[in-house]
Amino acid sequence: MKTLLFLLLTFCSYNLFAQSTISGKVIDQQGIPIMGANVYLNGTYDGTATNDEGLFSFETTTAGTQTLIASSISFEPYSKSADITSFKGITIKLKDDVNTLDAVTVNAGTFNAGDNAKVTALKPLDIVTTAGALGDFVGALQTLPGTSNVAEDGRLFVRGGDAEETQIFVDDMRVFTPYSPSANNIPSRGRLSPFLFKGITFSTGGYSAEYGQALSSVLLLNSISEPQEEKTEISIMTVGLGLGNTQKWKKSSLSLNTSYINLAPYQNLYPDNNEWHKPIESIGGEAVYRYKFNNDGLLKVYGAYSSVNFDLTQEDINEVDGIRFGLKNRNLYINTSYQDFLEKDWSIATGVSFANDRSEIKYNNSDITDVENSAHLKIAFKKFFSSRYKLNFGAEYFITNFTEDYQDVIFENDFEFDNNIFSSFVETDIFFSKKFATKIGIRGEYSELLQELNISPRLSLAYKAGSNSQFSLAYGEFFQNPKNDYLKYNSDFTAENTTHYIANYQYVKNKQIFRAEAYYKNYGDLVKYDTPFALPTSSYNNSGSGFAKGLDIFWRDNKSIKNTEYWMSYSYLDTERDYQNYPTSATPDFASKHNASLVLKRWIEDWKSQVGLSYNYASGRSYTDPNKGGFLTEQAKSFNSLNANYAYLISPQKILYLSVSNVLGTKNVNGYQYASQANIDGMFDRRTITPATDRFFFIGFFWTISDNKDDNQLDNL
Amino acid sequence: MKSLLLIATFIFTFSLNAQTPYEKGMNEAFALWEQQKNTEAIQLFERIAAAETDNWLPSYYAGLIEIISSFGLKDEALLTSKLTRAKGFLDNASVISQDNPEIMISYALLNTAYIAFDGAKYGMTLSGENVAIYQKAQDIAPNNPRVLLGKTEWDMGTAKFFGKSIAPYCEDVERAIILFNKEEQTIPYYPYSGLERANEISSNCKKETSPN
């Protein structure tokens, strides 16, 4: 018995003997103690939290090699395996976690929309509920600074660049013909329906080396990876009908959308200033198929088909009977992308996009048939060396084949060109600390048509000056081949280019964002020709140049007024260019010096309604008055438009939506057209080009049928 | 005397052994949580999780406390840091215990924390996700009172938002209370709680739907 007692006691004291103390201090990179960090030996119950001096000390009965772990919120976890005797008086330095919301972001030139971004300028719903945007995501982006209002065009004009200088990508694959064609002086709409996308990145300059062939801007759209549920959506609108259906299976899903738009009834009720022989009629269908592989791989196939048909006569000062313009367009777009995570922190993204676009145009007595076949192939790899250091590189190939068949009474001709470009890029993201980060990249592009290689370096830096504010800088060189309108006649060109310099300040606090960005852009090698229009017989060269400089201000406040969100944008733009057939350097007619917009949204609980207002202002654009001489020296009237919308939730799944653009009916002027011949007084007569219609009404009824009785199409509006 | 000493020693050793380190740790962690020492409780659950690699409960509780303590926060950076950590804990737990309805509804609670912070920013994507989570959880565990209560509370919130009557959902709350009372509590430290909350909602129901 005594032996037993002895043994027990010995065992007990042995236990006591084997206990050792782990102690030390946890500090951050600046040497400041971290309080409340969790310090423990992995796989044991032994551990503690640091005190307010960052000190810790605990006992353990384990021996030999153990792993000591230290973790604290917004720091990267620390772990060290060693003999426990070495864990005495140890100093542990924790690194800042650079993936937190308060870490610096490299963002010069860029706006993010969607819920996946750290700072969102536009929320997902904003894309579709902005008054005046009429469900076109481009319309919502036009309320951000850096864009110019060109009401008669509808496309994105960024920082003194024309619409062709902006490229649009879906899941990093190029969209070749993103806008539906329209007649002169009628704004075109984006072809892509906004509700297929969950995140939008809009860069107004200085963007990543991953994107090229865009002089001014890129718009990156990410499609939804996994729809939430099966549903059917029905839309009945004053301008047409829509039907959508989503099916889900265990690993895959399919969404289909079809729409039929016919403006004939609307135009009968509210005639505009065009003589329509065939009002705009369009049929479109989109399908997205997604498949998730076992190993996290995700395949997305997006296909869209649309056909647009219209015929009208538009007034023209030089033609008594006006100009007859008819168009039949059909467009097929397929985008396939695959993403996967590989071993050792590698990931791969690859894809193919293809577009076939055919337009039959009747322009007075001439018949023009344009066919464009384009494809984009891409493969990119990413390696995460750590959360502080990432490498991204890849290669891509763009193929474009364009043919035009021109026929009129006296003249017949065919034009064709192939514009194939091979590019590759490499880019690295480095976080020096939570406060200082950089993105450095380089892109090479070889054009088979122009037979030249262009190298474009890109660099961005960001520094977090305080807990709410940061400064960013960006620099980059950008190349773009001349547009199809010139390439079909001539290929002895060099790529047009710009250099961007951007300085950005951003302040984000508690649902408020202030952002100011100054930029300077230098254009070189712009295409020039020597005739009133680009013709097969013109002589072409690359001697054009230009600049754009300005300041963009953005303020968004979701806090100060209850149930109300608003944002304000102001852009100042000073730009001149000598290109096309300009006799001298001048401000182009699509650029306005001052652009401002205010968007306001209010949710009225008692009415179950959202009311939205938006106001757009653009100072007068330049035009040439032959009676006064000079080139683009005159200024037209400024543009003003107040738009309103109202969404009423009849029940969770039924929505009534009303929208009116230009409520006040402001008589806006899009420009002037002067007669080519002087009248008997020796003066040139002019015609004021006004919008086809001052106001536009839209009424729609949207009904969702799903198992989840709360889902609705609010996000589609 | 000797035998007494012997018995005493035995009892002493037995009582020491009666509480396994797991039980000791869990009890201590729950005590910390009860004292509102959330950070300490989370840290202890995290340490237990590191030792008990095939038990989902410690990770589950670490995540749950992180989520609950993030409601009402004003700082978005802190909110996302906490909820990202919480998601990490829940991910750990669901690797150990797949298709576990308790873990699934905690993901829904995590989404709700985001939505409560900024409905316009997070509501559109996350509310649909929540509906899908509750649906799936209910398919797996139709008689789990917490799943039923969570789903019902969510539906009530939506009904209130659209100005609809919450009366039809009150019946579900009563059904949840019955399920709570029927539930056999066999697994130690299993999150059986929720009856109090159900009673609370039930009494609100009676207030709101009573004629005056």
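Counting restarts for each chain: residues are numbered from 1 in the order of the written sequence. Each chain gets a letter, beginning with A, and each ligand a number, beginning with 1, in the order they are written. Only residues with pLDDT of 70 or above have their local features reported here, since the model is predicted, and side-chain atom pairs are shown and tallied only from 80 upward, although totals for entire chains, interfaces and linings are computed over all residues.

Asker: Tell me about the overall build of chain A, residues and numbers included.
Answerer: When its secondary structure is counted, chain A shows five helices and 39 strands. C-alpha extents for chain A along the principal axes are approximately 130 × 60 × 45 Å. Around each residue's C-beta, the other C-beta atoms within 10 Å are counted; 20 or more make the residue buried, 12 or fewer make it exposed, and counts in between make it partly exposed. All C-beta atoms are placed from the backbone. Out of the 717 residues in chain A, the part that is buried amounts to 39%. Each helix is a run of H or I in the DSSP string that is no shorter than four residues. Each strand is a run of E no shorter than two, and both are numbered from the N terminus.

Asker: Tell me about the overall build of chain B, residues and numbers included.
Answerer: Along chain B, the regular secondary structure elements total ten helices and zero strands. The helix and strand sequence of chain B, counted from the amino end, reads α-α-α-α-α-α-α-α-α-α. Considering chain B as a whole, with its 212 residues, one finds that 40% of them fall into the buried category. Distance between backbone-placed C-beta atoms decides contact: two residues are in contact if it is within 7 Å. Taking as baseline every contact in chain B between residues at least 6 positions apart, the subset at least 24 positions apart corresponds to 54%.

Asker: A description of the sheet that holds strand 4 (residues 55-60) of chain A should follow, citing residues and the corresponding values.
Answerer: Residues and elements named next belong to chain A. One open sheet holds the three strands; their spatial order is 4-1-7, and the pairing between them is mixed. Looking at which strands have only one partner, the edges of the open sheet turn out to be strand 4 and strand 7 (90-93). Neighbour to neighbour, the strand axes of the sheet diverge by 30 degrees on average, direction disregarded. Each pair of strands is called paired provided DSSP finds at least two bridges between the two strands. Relative to strand 4, strand 1 (residues 20-27) runs antiparallel, the two being bridged by six bridges. Following the sheet pairing, Thr 21 is matched in strand 4 by Glu 59. To get an axis, a line is fitted to the C-alpha atoms, and for a helix only the part in contact is used. The angle between two axes follows their N-to-C directions and goes from 0 to 180 degrees.

Asker: Break down the domain arrangement of chain A for me, citing the residues and quoting the values.
Answerer: Where each domain begins and ends is defined by an automated method or by a domain database. If you check the domain split of chain A, you get domain 1 (2-93) and domain 2 (110-690 + 701-716). Distance between the C-alpha centres of domain 1 of chain A and domain 2 of chain A: 58 Å.

Asker: Quick rundown of the nonpolar core? Include the residues and the values.
Answerer: One broad trend across soluble globular proteins is that nonpolar side chains are buried collectively. Residues Val26(A), Ala70(A), Ala29(B), Phe45(B), Tyr61(B) and Leu110(B) are the most contacted members of the largest nonpolar core, which totals 68 residues. If one sorts the elements of this core by residue count, helix 6 (residues 101-117) of chain B sits on top with ten residues. When residues no more than four places from it in sequence are discounted, the contact partners of Tyr61(B) are Ala29(B) and Phe45(B). Of all hydrophobic cores here, the second largest spans 45 residues; its members include Leu122(A), Val175(A), Phe176(A) and Leu450(A). A set of buried Ala, Val, Leu, Ile, Met, Phe, Trp, Tyr and Cys residues, joined through C-beta atoms within 7 Å, is what we mean by a nonpolar core.

Asker: Can you explain the sheet that holds strand 5 (residues 65-71) of chain A? Please cite residues and give values.
Answerer: Spatially, the four strands line up as an open sheet ordered 3-2-5-6 (chain A), and their pairing is antiparallel. The sheet is open, and its two borders are formed by strand 3 (47-49) and strand 6 (78-83) of chain A, each paired with just one other strand. Across the sheet, the axes of successive neighbouring strands diverge by a mean angle of 15 degrees, strand direction being ignored. The pairing of strand 2 (residues 38-41) of chain A with strand 5 of chain A spans four bridges and is antiparallel. Following the sheet pairing, Val39(A) is matched in strand 5 of chain A by Ala70(A). Helix 3 (residues 38-51) of chain B contacts strand 2 and strand 3 of chain A of the sheet and is inclined by roughly 25 degrees relative to strand 2 of chain A.

Asker: Before we move on, could you go through the environment of Ile27(A) and cite the residues and values that matter?
Answerer: Residue and element names in this part refer to chain A. Among the structural elements, Ile 27 can be located in strand 1. Since 18 C-beta atoms lie within 10 Å of it, Ile 27 is described here as partly exposed. In this structure, the C-alpha to C-alpha distance between Ile 27 and Ala 37, residues ten residues apart in sequence, is 9.5 Å. In contact with Ile 27, not counting residues within four places along its chain, are Ile 32, Pro 33, Ile 34, Gly 54, Thr 91 and Lys 93.

Asker: Run through the confidence of the model for chain A, naming residues and quoting values.
Answerer: Each residue carries a pLDDT value, the predictor's own confidence for that position, ranging from 0 to 100. Summarising the model, chain A shows a mean pLDDT of 85, and 92% of its residues fall at 70 or more. Taken as a whole, residues 7-17 of chain A scores under 50 in pLDDT and shows two contacts with residues more than four places along the chain or in a different chain.

Asker: Break down helix 3 of chain B for me, citing the residues and quoting the values.
Answerer: Here a helix's expected span is defined as the number of its residues, less one, multiplied by 1.5 Å. The end-to-end C-alpha separation of helix 3 of chain B is 20 Å, in line with the 20 Å expected for 14 residues at 1.5 Å each. Burial within helix 3 of chain B is extensive, with ten of its 14 residues counted as buried. Listed in full, the buried residues belonging to helix 3 of chain B are Ala41(B), Ile42(B), Gln43(B), Leu44(B), Phe45(B), Glu46(B), Arg47(B), Ile48(B), Ala49(B) and Ala50(B). Taken together, the buried residues of helix 3 of chain B touch strand 2 and strand 3 of chain A together with helix 2 (21-34), helix 4 (56-68) and helix 5 (76-96) of chain B.

Asker: Account for the packing of helix 2 of chain B against helix 3 of chain B, naming residues and giving values.
Answerer: Residue and element names in this part refer to chain B. Direction vectors running N to C along helix 2 and helix 3 enclose 160 degrees, while the axes themselves pass 8 Å from each other. On the basis of their axis angle, the class for helix 2 and helix 3 is roughly antiparallel. Once helix 2 is placed against helix 3, the crossing between them reads as left-handed. Note on element contacts: helix 3 touches helix 2 through Asn 38, Glu 40, Ala 41, Leu 44, Phe 45 and Ile 48, opposite Tyr 22, Gly 25, Met 26, Glu 28, Ala 29, Leu 32 and Trp 33. Of the residues belonging to the contact of helix 2 with helix 3, the class tally is nine nonpolar, two polar and two charged. Between 65 and 115 degrees an angle is taken as roughly perpendicular, under 35 as roughly parallel, over 145 as roughly antiparallel, and anywhere else as oblique. Crossing chirality is assigned from the near helix's rotation relative to the far helix, an anticlockwise turn below a right angle marking it left-handed and a clockwise turn marking it right-handed. Any residue outside Ala, Val, Leu, Ile, Met, Phe, Trp, Tyr, Cys, Pro, Asp, Glu, Lys and Arg is labelled polar, Gly included; the first ten of those are nonpolar and the last four are charged.

Asker: How would you explain the confidence of the model for chain B if you had to name every residue and give the values?
Answerer: All names here are of chain B. Averaged over every residue, the pLDDT of chain B is 82; residues scoring 70 or more account for 87%. Ranking the elements of chain B by mean pLDDT puts helix 1 (residues 2-18) last, at 52, and helix 4 first, at 92. Segment residues 10-15: pLDDT under 50, and zero contacts once partners within four positions in sequence are set aside and those in other chains are kept. Predicted as a complex, the structure gets a pTM of 0.81 and an ipTM equal to 0.75.

Asker: Provide a residue-level description of the packing of helix 5 of chain B against helix 6 of chain B, including the pertinent values.
Answerer: All names here are of chain B. Two elements in contact, helix 5 and helix 6, have axes separated by 10 Å at closest approach and are oriented at 170 degrees. Here helix 6 runs roughly antiparallel to helix 5, going by the angle between their axes. Two secondary-structure elements touch here, helix 5 through Glu 76, Leu 79, Leu 83, Ala 86, Lys 87, Leu 90, Ala 93 and Ser 94 and helix 6 through Ile 103, Ser 106, Tyr 107, Leu 110, Ala 113, Tyr 114 and Phe 117. Taken together, the residues of the contact of helix 5 with helix 6 break down into eleven nonpolar, two polar and two charged.

Asker: How would you sum up the environment of Thr50(A)? Please name residues and give values.
Answerer: Residues and elements named next belong to chain A. Within the fold, Thr 50 resides in the loop between strand 3 and strand 4. Linking Thr 50 and Arg 686, residues 636 residues apart in sequence, is a C-alpha distance of 80 Å. Those residues in contact with Thr 50, other than ones at most four positions away along the chain, are Val 26, Ile 34, Met 35, Gly 36, Ala 37, Val 39, Leu 55 and Phe 56.

Asker: Let's hear about the pairing of strand 27 (residues 496-509) of chain A: which residues, and what values?
Answerer: Residue and element names in this part refer to chain A. Judged by which residues are buried, strand 27 turns out to be one-sided: Glu 496, Thr 498, His 500, Ile 502, Asn 504, Gln 506 and Val 508 face inward and are buried, whereas Asn 497, Thr 499, Tyr 501, Ala 503, Tyr 505, Tyr 507 and Lys 509, on the alternate face, are not. Both strand 26 (residues 469-480) and strand 27 contribute to a ladder of twelve bridges, which runs antiparallel. Residue pairing across strands places Phe 471 opposite Tyr 505, the latter belonging to strand 27. Pairing of strand 27 with strand 28 (residues 512-529) involves 13 bridges; the strand directions are antiparallel. Bridging from a neighbouring strand, Tyr 505 pairs with Ala 516 of strand 28. Connecting the antiparallel pair strand 27 and strand 28 is a turn made up of two residues, with Asn 510 showing a positive phi of about 45 degrees.

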